[in-house]
Amino acid sequence: MALRHAVLAALLEGEHSGYQLAKSFDVGMANFWHALPQQLYAELAKLEADGLVAGREVVQEARPNKRLFTVTDAGLTELRRFACAPSKPSFIRDDLLVKVAAADAVDPAELIAQLEERAAIASGKVELFDKLMHKMRGELDETEYLARGAQVGPYLTCLRGRRFESENREWCTETASVLRARAGVDVQR
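In this text the structure is predicted, and so the values were computed from the model without any measurement. (Residues numbered from 1 in each chain as written. Predicted model: local features only at pLDDT ≥ 70, side-chain atom pairs only at ≥ 80, totals over all residues. Heavy atoms only, no water.)

This paragraph deals with the overall build of the chain. A tally of regular secondary structure across the chain gives 8 helices and 3 strands. Along the chain, helices (α) and strands (β) appear in the sequence α-β-α-α-β-β-α-α-α-α-α when read from the amino end. Taking 2.2 N^0.38 as the reference for a compact globule, 189 residues should give roughly 16 Å; the C-alpha atoms of the chain span a radius of gyration of 21 Å, well beyond that estimate. Expressed as a percentage of the 189 residues in the chain, the buried residues total 31%. (Helix = DSSP H or I, 4+ residues; strand = E, 2+ residues; numbered from the N terminus. Rg over C-alpha atoms; globule rule 2.2 N^0.38 Å. Buried < 20%, exposed > 50% of the residue type's maximum accessible area, 1.4 Å probe, protein only.)

Spelled out as structure tokens, the structure:
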């Protein structure tokens with residue numbers, strides 16, 4: 001997958017400025033694709049040059065002018081082509097897992113602290129996904145939204161992100177507990 005496909009998918013939600021796109025990425029897309037704002041602006045320029053998005057300038061009185069972008073028919077065709085191509089299997093590449101693999105040779109207190117920090121970060125992300133998904137659903141419960149809600153794709157990716165972070169939290173908590181019990185380490189939570 002290229003950044004271009006993630007940008008095109010994000011723009012399916014509607015017209016966005018580069019700034020709005022960066023915010024959208026930071027919340028909704030961040031669970032499966034990370035991009036810096038500079039990368040997004042550069043990609044928008046490439047997509048516009050390739051005819052996959054259309055940009056229009058909005059004149060603002062008290063602020064600098066901004067450009068708003070939408071997906072073109074060619075962009076939709078590219079997304080459809082991408083969606084039909086085989087996907088590569090995903091993999092985990094995480095320095096914390098390398099540290100845990102070396103648990104028998106490193107300071108368990110430091111490792112436990114890092115695991116607890118990661119669990120806390122994951123908890124925060126779970127809460128963020130819960131709020132975002134509730135906002136997307138509105139008054140519908142999850143079953144109703146999945147059956148008939150608008151724009152189910154972004155919701156499904158948030159659901160996957162929530163499950164991923166929830167599992168991260170559980171694994172980090174369990175792993176810290178195992179290491180604490182094995183080493184007899186008394187670490188404050």
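A word on the side chain of Glu43. Along the chain, the position of Glu43 falls in helix 3 (residues 37-49). What makes Glu43 buried here is its relative accessible area of 9%.

Any pair of aromatic rings gets described here by the distance separating the centres and the angle formed by the planes. The final tally for this structure, using the stated rule, is 1 aromatic pair. Residues Tyr145 and Tyr155 carry aromatic rings whose centres are separated by 4.8 Å and whose planes lie at 45° to one another, so their mutual orientation is tilted. Remark: Tyr155 occurs in helix 8 (residues 152-183) and Tyr145 occurs in helix 7 (residues 142-148); sequence separation between them is 10 residues. Look at Tyr155 and you get buried, because its relative accessible area is 0%. (Phe/Tyr/Trp six-rings, centres within 6.5 Å; stacked < 30°, edge-to-face > 60°.)

Quick look at the pattern of salt bridges now. Overall, the coordinates contain 12 salt bridges when judged by the stated rule. The closest approach of N and O atoms between Arg162 and Asp130, which form a salt bridge, is 2.4 Å. Separated by 32 residues along the polypeptide, Arg162 in helix 8 and Asp130 in helix 6 (residues 108-137) bring together distant segments of the chain. Accessibility expressed as a relative area gives 24% for Arg162, which makes it partly exposed. What makes Asp130 partly exposed here is its relative accessible area of 31%. (Salt bridge = Lys/Arg side-chain N within 4 Å of Asp/Glu carboxyl O.)

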